[in-house]
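# Chain and residue survey
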Amino acid sequence: MLNDKPLLNEVTAFFLFLIFILIPIYILPSGNFQLVDISIILLAISLIFALKKTEINFMEPAVKTFALYVAWAVSLNLVYFLLNGHIFLLKVSVQIIYTFTLFFIFVIVFYRVLLYKYGIQIISLCLLAALFSPFLTRGTYDFPGQQLSLLQRNALSFNNPNQLAYFAILLYAMSIILRKYILESNYVKSQNTLTGLINFFIFLFSHFFVLYSASRSGIIGILLLDIVAIWQYKKILIPFSLCILASVIIIQTGIYYEADFSNIRMVQKFTDYGIEESLSKRIDERFFQNLPTETSVIIGTGKTIPDGSHKEVHNGFIDIFLSYGAVGLLLFLLFLVSLIIKTDFKNGWRKNIYYMFVLLPIFAYNFVHNGFRFRFFWVFLAFWYVIMGKTVENKKASGVPGKNIESL
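Scoring rules and cut-offs
- Residues numbered from 1 in each chain as written.
- Predicted model: local features only at pLDDT ≥ 70, side-chain atom pairs only at ≥ 80, totals over all residues.
- Heavy atoms only, no water.
- Helix = DSSP H or I, 4+ residues; strand = E, 2+ residues; numbered from the N terminus.
- Buried < 20%, exposed > 50% of the residue type's maximum accessible area, 1.4 Å probe, protein only.
- Contact = heavy atoms within 4.5 Å.
- Areas by Shrake-Rupley, 256 points an atom, 1.4 Å probe, with all protein chains shown as cover.
- Salt bridge = Lys/Arg side-chain N within 4 Å of Asp/Glu carboxyl O.
- Core = buried A, V, L, I, M, F, W, Y, C linked by side-chain atoms within 4.5 Å.
- Axes fitted to C-alpha atoms, helices over the stretch in contact; angles between N-to-C directions.
- Parallel < 35°, antiparallel > 145°, perpendicular 65-115°, else oblique.
- Nonpolar A, V, L, I, M, F, W, Y, C, P; charged D, E, K, R; others polar.
- Patch = residues over 30% accessible without salt bridge, like charges linked within 9 Å, V, L, I, M, F, W, Y side chains within 5 Å.
- pLDDT = per-residue confidence, 0-100.

Another aspect to go through is the overall build of the protein chain. Of regular secondary structure, the protein chain possesses 16 helices and zero strands. Taken across its 408 residues, the protein chain has 54% of its residues classed as buried. In the protein chain, the share of contacts with a sequence separation of at least 24, taken over all contacts with a separation of at least 6, comes to 76%. With the model as given, the accessible surface of the protein chain reaches about 18900 Å², and the carbon-plus-sulfur share is 68%.

Next up on the list: unusual backbone geometry. A cis amide bond, omega -5°, links Glu60 with the succeeding residue Pro61. The phi angle at Leu156 is positive, at roughly 55°, despite the residue not being glycine. Given the relative accessible area of 1%, Leu156 is considered buried. A positive phi angle, close to 55°, is found at Ala214, a residue other than glycine. Relative to the helices and strands, Ala214 resides in the loop between helix H8 (189-213) and helix H9 (216-232). We classify Ala214 as buried; its relative accessible area is 0%.

Bringing the pattern of salt bridges into the picture now. One pass over the full model with this rule turns up four salt bridges. For the salt bridge of Asp37 with Arg375, the shortest nitrogen-to-oxygen distance reads 2.8 Å. Remark: Arg375 occurs in helix H16 (residues 375-398) and Asp37 occurs in helix H2 (residues 35-48); sequence separation between them is 338 residues. Of the two residues examined, Asp37 and Arg375, each falls in the buried class. Notably, a salt bridge pairs Glu60 with Lys64, separated by 3.3 Å at the nearest N-O pair.

Core analysis: the biggest nonpolar cluster contains 111 residues, and Phe103 and Phe110 have the highest contact counts within it. Considering each element in turn, this core owes the most residues, 16 residues, to helix H7 (residues 161-185). For Phe110, the contacting residues outside a window of four places in its chain are Leu16, Phe20, Ile123, Met174, Val379, Ala382, Phe383 and Val386.

What follows concerns the packing of helix H4 (residues 62-84) against helix H5 (residues 88-113). Taken N-terminus to C-terminus, the directions of H4 and H5 make an angle of 170°; their axes are 8 Å apart at the nearest point. With respect to H5, the element H4 is oriented roughly antiparallel. Across the interface between the two elements, Ala62, Val63, Phe66, Ala67, Val70, Ala73, Val74, Asn77, Leu78, Tyr80, Phe81 and Asn84 of H4 pack against Leu89, Leu90, Val92, Ser93, Ile96, Ile97, Thr99, Phe100, Phe103 and Phe104 of H5. Per-class residue counts for the contact of H4 with H5 are 18 nonpolar, four polar and no charged.

Secondary-structure assignment places Ser124 in helix H6 (residues 119-132). Sequence-distant contacts of Ser124, defined by excluding residues within four places in its chain, comprise Leu178, Thr195 and Ile198.

Time to look at the environment of Ile340. Here Ile340 shows up in helix H14 (residues 316-340). Taking relative accessible area as the criterion, Ile340 reaches 32% and is therefore assigned partly exposed. In this structure the C-alpha to C-alpha distance between Ile340 and Met356, which are 16 residues apart in sequence, comes to 7.9 Å.

Where H9 meets helix H15 (residues 353-365), the axes come as close as 8 Å, and the angle between the chain directions of the two elements is 170°. The angle between H9 and H15 falls in the class roughly antiparallel. For the pair H9 and H15, the contacting residues are Ser217, Gly218, Gly221, Leu224, Leu225, Val228, Ala229, Trp231 and Gln232 in the first and Ile353, Tyr354, Phe357, Val358, Pro361, Ala364 and Tyr365 in the second. Looking at the contact of H9 with H15, its residues break down into 12 nonpolar, four polar and no charged.

With that settled, consider a nonpolar patch on the surface. Together, Ile27, Leu28, Phe33, Leu35, Ile38, Ile41, Leu42, Ile45, Ile48 and Phe49 make up an exposed nonpolar region whose accessible area comes to about 980 Å². Topologically, Leu28 is positioned in the loop between helix H1 (6-22) and H2.

Attention now goes to the side chain of Lys180. By secondary structure assignment, the location of Lys180 is in helix H7. Setting aside residues no more than four positions away along its own chain, Lys180 makes contact with Gln232, Tyr233, Tyr354 and Tyr355.

Moving on, we get to the environment of Ala165. Position of Ala165 among the secondary structure elements: in helix H7. A sequence separation of 47 residues divides Ala165 from Tyr212, and the C-alpha atoms of the two residues are 8.4 Å apart.

The subject of this paragraph is the confidence of the model for the protein chain. Where the model shows low pLDDT, its predicted coordinates should not be examined in detail. In the predicted model, the protein chain carries a mean pLDDT of 79, and the fraction of residues at 70 or more is 73%. Low confidence marks residues 1-7, where pLDDT is under 50. Its contacts with residues over four positions away, or in another chain, come to 15 contacts. Confidence drops under pLDDT 50 across residues 254-259; counting only partners more than four residues distant or on other chains, this segment forms seven contacts.

Here it is as structure tokens:
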């Protein structure tokens, strides 16, 4: 049982399922309140009244170090707001606090769900449900009634193609580490079969989403995840090869019979477009353009206020460095290090190194985009943190890897 109140188990599972359905759906412009936030707020309220000491202990030290970063970033934005009165800085402060809330909430949720006998099935079904949500509506990028067209730059229910690609990468990464956790925990055959089937669908859909988005960073990110997956599961080579073959056949046999192959948006992005020049313009130029003085790198300049002459840096880490200075970046890196502590570095980190490699494509993506404010990133990171912590707990409890938790 998750706790002493069975009803709360059902409530938590219901809201988790609803959140995974709604999180890809963007009704309003990006950066604004969305439908999913209603479910998240209601879930947070339900959790407040049943928080346990064991859950608080489990979240340390990650939540504490994250709180330090959030406190610094919010305080700095408020100071600059008092100096120039720009309301955008208040909005950003609320967003930063909300990201902390997301991480906090979903660490608790995933921790509880994995204590439940059928928790693995619940999480697997949530991942499966999230696959179909992007087809339910169209965001501000795509036109209503627009036909599906691979490699031509589309976004489905999101407001930006890069959001669709990032969502696919995060969902795929969650399925990889969930599968790893299941195999290590010796779940029963029926659970392995169900999650294995769901993972196969996630594999197919996530690659489709990335190709559909025509995102360069998405393509690179998901290929890096493929390498991680193939390294652990050699059997994935078969569906991976079939997907590549099918994609080539589809492209060559007529989906684009009216268009020159060289005019396909994805092909252009890797050939005609200057990748190095684009990255330099979006990262280096914007960094120095938004930096008022060299001494500002110590404490930061506050979040960049977008206007005609200032645009956000397309690198999550450099954007933190610019906005909140060396102090803010060090606090954020301290938070990331506190996550890694869950790998049980002193006793068994070599057995958990695979989980670390799953993080690399996610952070690589954030070297060319700012994905740290994306809701699903914090859901993923909370999930990774819980899986890592539960893996270490299971090994310590059983004395050897592979504790059978079917009876929980």
